[in-house]
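Chains, contacts and geometry: an overview
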Amino acid sequence: MSAARDILLAAVVAVAGGAALYYFPLDDVPAPPGPVEPGPGEPDPDPGPEPDPGPDPEPEPETEPEPDPDPEPDPDPSPGPLDPDGAVFAWAPPGELPTFDYRNNVDVANRSGFGWDGSDELSRNYVFAPDLTWPLDGPGYANTQVYRPGGQFSGVGGPGGSGECDARNFDYPWEDNFCERRGTSTRNPFCPNNAHGHHVGQDIRPQQCTRNFPLEERQMAVAVTDGYISSVASMTVRLRGDDGRTYWYMHLEHWDNCDLSQLTTPAQCSAANLPSVCERSALEVEAGQDVRAGDPIGRVSNWFGIGWSNGACRRSLTTDHLHFEIRDTIDPDGSFTASAVPVPPYSSLVTAYLRFIGADEADFPDWEEAEF
Ligand SMILES: [Zn+2]
């Protein structure tokens with residue numbers, strides 16, 4: 001355990017005086033800074049998923065995702081219909097456990113229109129993957145990585161800069177960013193405003209800003225369930241669970257000790273050539289490998305592939321985070337779909353995290369009845 005985590009635990013133990021579920025006003029939460037246009041030449045830090053590979057076996061996607069063609073946020077960010085007072089739901093477990101606060105899962109509305117609002121058949125708090133193992137080997141912070149400091153729309157630095165290490169990024173409360181506004185390419189049946197594209201996963205920061213850390217000191221992403229690695233693409237690892245769902249891990253560190261100067265032309269500057277100029281894979285898994293819940297997958301990173309810029313082949317950057325998706329064959333009306341779609345992961349991750357920090361399941365929120 002790192003010294004930093006010791007400090008974290010010491011700090012939170014100091015405030016986790018007793019068991020309580022309580023509300024406190026949104027004013028206590030640092031507001032994310034206003035969005036701005038990204039600077040020219042900056043890579044899109046998180047364009048959403050790579051192309052949907054379709055049914056298993058999942059083929060290796062051929063191309064990098066397109067940069068976000070329409071990064072300007074919604075000019076009319078309507079408040080969410082189910083969060084009129086911006087309440088924050090807080091979990092303060094007893095004993096030597098971290099305080100864990102999380103905002104409700106439609107607060108994304110403040111940035112993108114509306115989040116998943118439920119249907120007649122499925123509560124907006126429906127837990128799609130109830131038995132998930134928390135996907136990191138330590139604490140983490142679920143929040144938006146593009147609308148917070150260091151993010152594309154944050155106005156505070158950019159990916160790879162000091163802005164992303166702002167303390168506000170590494171703190172509770174968690175916030176949902178499924179359905180967050182992105183480019184025009186990604187639609188999702190769970191996102192009610194389909195006039196624009198959506199972010200169809202959850203961004204999760206590691207417990208501290210590790211952008212300059214050596215590989216072995218970065219936080220490990222772990223398997224969320226038993227299954228096998230169905231594919232390893234240029235920046236995505238997919239886990240096909242025995243539960244029938246597929247889990248996507250993006251931006252893990254994929255390669256170690258690379259010499260990109262050997263790739264001297266734009267054509268050579270391709271992910272396909274990385275095996276020849278890198279010492280080894282930085283991942284802990286390879287395609288086809290069986291995994292058990294909790295097994296290491298790879299290190300949380302800012303990996304965004306490579307690209308040719310300013311006359312050289314360079315590493316492209318997003319912020320230091322895990323982009324995590326759950327894909328399931330379920331429609332918002334609860335019916336079966338022929339091909340899997342990204343489903344809202346937030347309530348599943350909250351449930352997994354409560355287990356991770358040692359909360360008693362008897363004290364978990366009753367998601368179906370929860371009032372936020
Ligand atoms: Zn993301």
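Above: the structure in question.
Residues numbered from 1 in each chain as written. Predicted model: local features only at pLDDT ≥ 70, side-chain atom pairs only at ≥ 80, totals over all residues. Heavy atoms only, no water.

Within the protein one finds four helices and 18 strands. In the protein, once contacts between residues fewer than 6 apart in sequence are set aside, the share between residues at least 24 apart is 70%. Summed over all atoms, the accessible surface of the protein reaches about 15100 Å², with 50% contributed by carbon and sulfur. (Helix = DSSP H or I, 4+ residues; strand = E, 2+ residues; numbered from the N terminus. Contact = heavy atoms within 4.5 Å. Areas by Shrake-Rupley, 256 points an atom, 1.4 Å probe, with all protein chains shown as cover.)

All right, on to the nonpolar core then. Core analysis: the largest hydrophobic core is formed by 51 residues, its most contacted members being W174, Y249 and F324. Looking at this core, the element that brings in the most residues is helix 4 (residues 346-356), giving six residues. In this structure, M235, L260, L263 and F304 belong to the second largest nonpolar core, which totals twelve residues. (Core = buried A, V, L, I, M, F, W, Y, C linked by side-chain atoms within 4.5 Å. Buried < 20%, exposed > 50% of the residue type's maximum accessible area, 1.4 Å probe, protein only.)

Our next topic: the state of the cysteines. As used here, a disulfide is simply a covalent bond connecting the sulfur atoms of two cysteines. Taken as a whole and assessed by the stated rule, the structure comprises four disulfides. Across the disulfide from C165 sits C209; the S-S distance is 1.9 Å. Here the disulfide of C165 and C209 is left-handed, its torsion about the S-S bond being about -55 degrees. Note that C165 is positioned in the loop between strand 4 (140-142) and strand 5 (181-182) and C209 in the loop between strand 7 (202-206) and strand 8 (220-222), a separation of 44 residues in sequence. (Disulfide = S-S within 2.5 Å.)

In terms of burial, strand 9 (residues 227-232) is a largely internal element, five of the six residues being buried. Pairing analysis gives five bridges linking strand 9 to strand 10 (residues 236-241), with the strands arranged antiparallel. Within strand 10, the position partnered with S231 by the bridge is R238. If you look at the hairpin formed by strand 9 and strand 10, you'll find three residues sitting between the two strands. Relative to strand 14 (residues 290-291), strand 9 is paired through two bridges, and the arrangement is antiparallel. Bridging from a neighbouring strand, Y228 pairs with D290 of strand 14. (Pairing = 2+ DSSP bridges.)

Mapped onto the elements, E253 comes out in the loop between strand 11 (246-250) and strand 12 (255-258). At 2.4 Å, the side chain of E253 and the side chain of S301 are in polar contact. A distance of 2.7 Å separates a polar atom in the side chain of E253 from a polar atom in the side chain of R315. Excluding anything up to four places from it in sequence, E253 contacts L215, A282, L283, R299, S301, W303 and R315. (Polar contact = N/O pair within 3.5 Å; in protein donor to acceptor, adjacent residues only side chain to side chain.)

This paragraph deals with the pattern of salt bridges. Going through the model one piece at a time under the given rule, you end up with ten salt bridges. Put simply, R148 and E175 hold a salt bridge, and the shortest N to O gap is 2.8 Å. Taken together, the residues R148 in the loop between strand 4 and strand 5 and E175 in the loop between strand 4 and strand 5 connect sequence positions 27 residues apart. The residues R148 and E175 share a single accessibility class, namely buried. (Salt bridge = Lys/Arg side-chain N within 4 Å of Asp/Glu carboxyl O.)

Right, let's get into the packing of aromatic side chains. Any aromatic ring pair is given by two values, namely how distant the centres are and how the planes are angled relative to each other. Counted by the stated rule, this structure contains twelve aromatic pairs. Between W134 and F356, the ring centres sit 6.3 Å apart and the planes meet at 45 degrees, which makes this aromatic pair tilted. Here W134, found in the loop between helix 2 (109-112) and strand 4, pairs with F356, found in helix 4; they are 222 residues apart in sequence, far enough to count as distant. The class of W134 is buried, set by a relative accessible area of 1%. Three or more aromatic residues joined by ring pairs form one cluster here, namely W134, Y141, Y172, W174, Y346, Y353 and F356. Cation over ring: R238 sits above W248, and NZ or CZ is 4.1 Å from the ring centre. (Phe/Tyr/Trp six-rings, centres within 6.5 Å; stacked < 30°, edge-to-face > 60°. Lys NZ or Arg CZ within 6 Å of the ring centre and 35° of its normal.)

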